[in-house]
Amino acid sequence: MGLALRNILLCAGVAYAVPWTGTANDQKPLDPRPSREGALKIESPPQKPNIIFILTDDQDIEMNSLDYMPFVQKHLLDKGTLFRNHFVTTALCCPSRVSLWTGRHSHNTNVTDVNPPYGGYPKFVSQGFNENFLPVWLQQAGYNTYYTGKLFNAHTTKNYNNPHVKGFTGSDFLLDPWTYNYLNPAYQRNQEPPIIYHGQHTLDILIDKANALLDDAIASEKPFFLGVAPVAPHSNVEGDISDINEIDQVKFSEPVPLKRHAHLFPDAKVPRTPHFNPDKPSGVNWIAERPQLNKTWVDHNDYYYRQRLRALQGVDELIDGIFKRLEENGQLENTYIFYTADNGFHVSQHRLNPGKECGFEDDIRVPFIVRGPGISEGAISKVVTTHIDVAPTIFELAGIPLREDFDGLSIPLEKLKQERKRHEHVNVEYWGFAVEEGSYGGTLFWNNTYKALRIIGENYNLYYSVWCNNEHQLYDLTSDPYQLRNIYPGYADHDSSITVLGAPLTRVIDRLDSLLLVLKSCKGTVCVKPWEKLHPDGDVETLPEALQKEYDAFYKHQESVRFDRCEAGYILDAEGPQDALSYTRHGIHWSHWV
Ligand SMILES: *[C@@H]1O[C@H](CO)[C@@H](O)[C@H](O)[C@H]1NC(C)=O
Ligand SMILES: *[C@@H]1O[C@H](CO)[C@@H](O)[C@H](O)[C@H]1NC(C)=O
Ligand SMILES: *[C@@H]1O[C@H](CO)[C@@H](O)[C@H](O)[C@H]1NC(C)=O
């Protein structure tokens, strides 16, 4: 869809003929300011809202970490909306952060790893994003922009000035190889050289820096964006994690809390859910080969979990400080505050030692809370949203026309908009290795490359994935919320009598696979409305509609998602078919989409 059409969709009250009634036709800012250039401005517009974005590192929602954060509860959960079906699209820090700040899937940023050649700050720069990402766009729209904490990986004391990060009015970044060293962090302010804070806790320093930037932002009397990205509750890391050749010498250990929090929650343990260290192996590929954790590991992982909760207390204090300052300065009423994490985390689920990088709920589902003008207090929304939607959401708040290269759709922050129909899918993708963290960690698992689809609608809730070794997973989370029974044909829990939405599994799998085929290389609005690529006539907008028998032959004819080999990055010729056929009622039949 061209920019022009997108702009039309931004206007209020324009009838939109396509039956899909997502929020695209309501994409006007929450305040009544017209967002189309050249629109009549009768009164001078109210000041654009401020935006504060708090981004934790590796914070779960599925292990209940939010329950241990009283100030998050008080300022955000009680006064804002929790988006409970919010997902990341790549469960790894750097790719996920690049997607957040560019509004594009990893397959469209090609920043797919934490380190070069496939990822990290150098790849972000070489892909041209230093001139083309959220803070730059916000500055162009009249915002002052500030950031402190971790921006990306492989952003180091050596490369920080080659080039400097663009787009920030004020910045104070954590730098590798000290980013995750809780008691020896390196911070680098504006254009100044880095400082290593020997023996000082990273969160105490971050709280001071965030407060100082917030004071600057408020004093500037312009609308502002402030990003605050604490390293907690990521593992403590010693050694040069930004050098792939050194990675086996890197020492992972539990997160280190502030002294004043070190005694808390002595009895806390990883929740003993059915997928906690299960008797049967989980998943496929390397995951299916994991042995059950023995007592030594289970105890260590419980300790690791407590250290996460303790380390998060510093983040909780940070939140309280930010809200106090906003309130004292009369800024609370004109500020949107976002709280989320770059990816989720697992500790002992599916027999896995501490880590992320998998497609299970633990790793892809993250906290996402928004508070601000017009947003319901103490509410929980079930709309399906992702990190790809964040940049468009911020654009909408700032009254900036959406970019054509955005792969997502603005998140309906207001309750009324949440009741409208929105898409059901999440596109999940991953390349490269997974790593075990914690004191017994360090092991790398290669060939952790996969494409996955998470799909949630009324009466259906599925996870489907295709790995680079061409293994498959299919979980029906309605009956199997902990993803313990892979019902894909050929696996032990498959049973040909299983149905989903009344349809036999083969029919369901054909549809899921075609949807994944579209999503794995989608761009722009195709990522938002992938069914429209398969059914350009507009007859199908959801999985239940696609399941009609009349489409069986079409879906059988479609090529399947597959890999030709495992690669550690986005190497196109390893990734099988790229193009999906589309179904048309008139004319001959099925043609390649152009
Ligand atoms: C648990 O497993 C680890 C690694 O396999 C091993 O080093 C350790 O000795 C085991 N502990 C017990 C109590 O069996
Ligand atoms: C990864 O997959 C490739 C094939 O694509 C295979 O040659 C290699 O042995 C695999 N590596 C591991 C560690 O399993
Ligand atoms: C992604 O980047 C890698 C590393 O530079 C490159 O080899 C690959 O071809 C790129 N993939 C695409 C699809 O452009």
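Residues numbered from 1 in each chain as written. Chains lettered and ligands numbered in written order. Predicted model: local features only at pLDDT ≥ 70, side-chain atom pairs only at ≥ 80, totals over all residues. Heavy atoms only, no water.

## Things to note about the state of the cysteines
And then number 1: For the structure shown, the criterion picks out two disulfides.
And then number 2: Paired through a disulfide, C468 and C566 show a sulfur-sulfur distance of 2.0 Å. Taking the torsion about the sulfur-sulfur bond, which here is approximately 90°, the covalent link between C468 and C566 counts as right-handed. With a gap of 98 residues between them, C468 in the loop between strand 17 (460-467) and strand 18 (472-476) and C566 in the loop between helix 17 (552-557) and strand 21 (581-583) connect regions that are remote in the sequence.
And then number 3: Owing to a relative accessible area of 4%, C468 belongs among the buried residues under this scheme.
And then number 4: On the accessibility criterion, C566 (24% relative accessible area) is partly exposed.
And then number 5: Sequence-ordered numbering of the disulfide-bonded cysteines in the chain gives the connectivity 1-4, 2-3.
And then number 6: Free of any disulfide, C93 has its nearest cysteine sulfur in C94, 7.9 Å distant.
And then number 7: Given a relative accessible area of 2%, C93 falls into the buried group.
And then number 8: Take C358: it sits in no disulfide, and the sulfur closest to it among the cysteines is that of C468, at 13 Å.
And then number 9: Residue classification places C358 among the buried positions, given a relative accessible area of 1%. (Disulfide = S-S within 2.5 Å. Helix = DSSP H or I, 4+ residues; strand = E, 2+ residues; numbered from the N terminus. Buried < 20%, exposed > 50% of the residue type's maximum accessible area, 1.4 Å probe, protein only.)

## Quick notes on the site of ligand 2
And then number 1: Taken together, N447, R565 and C566 are the residues near ligand 2.
And then number 2: In this structure, C566 approaches ligand 2 through a main-chain N or O atom, which is 2.8 Å from an oxygen atom.
And then number 3: In the complex, the protein chains occlude 33% of the 360 Å² of accessible area that ligand 2 would expose alone. (Near = heavy atom within 4 Å. Polar contact = N/O pair within 3.5 Å; in protein donor to acceptor, adjacent residues only side chain to side chain. Areas by Shrake-Rupley, 256 points an atom, 1.4 Å probe, with all protein chains shown as cover.)

## Side note on the site of ligand 1
And then number 1: If you check the shell around ligand 1, you find N294, T296 and W297 and nothing else.
And then number 2: At a separation of 2.3 Å, an oxygen atom of ligand 1 approaches a polar side-chain atom of N294.
And then number 3: Within the contact set of ligand 1, a nitrogen atom lies 2.8 Å away from a side-chain nitrogen or oxygen of T296.
And then number 4: Alone, ligand 1 offers 360 Å² of accessible surface; in the complex the protein occludes 31% of this.

## Quick look at the domain arrangement of the chain
And then number 1: When the domains of the chain are assigned, the result is domain 1 (50-427) and domain 2 (458-591).
And then number 2: In this structure, domain 1 and domain 2 have C-alpha centres spaced 30 Å apart.
And then number 3: With 31 residues of domain 1 in contact, the opposing surface of domain 2 contributes 36 residues.
And then number 4: Its largest share of buried area at the contact with domain 2, domain 1 owes to H107, V284 and E424, together 24% of the area lost on that side.
And then number 5: A salt bridge links D493 to K280; its shortest N-O distance comes to 3.2 Å.
And then number 6: For the pair domain 1 and domain 2, the number of links is 14 residue pairs in polar contact (both at pLDDT 80 or more).
And then number 7: Those elements that place two or more of their residues in the side of domain 1 that touches domain 2 are helix 4 (106-109), helix 8 (285-288) and strand 13 (425-430).
And then number 8: If one sorts the elements of the side of domain 1 that touches domain 2 by residue count, helix 8 sits on top with three residues. (Domains from an automatic or database assignment. Contact = heavy atoms within 4.5 Å. Buried area = accessible area lost by both parts, 1.4 Å probe. Salt bridge = Lys/Arg side-chain N within 4 Å of Asp/Glu carboxyl O.)

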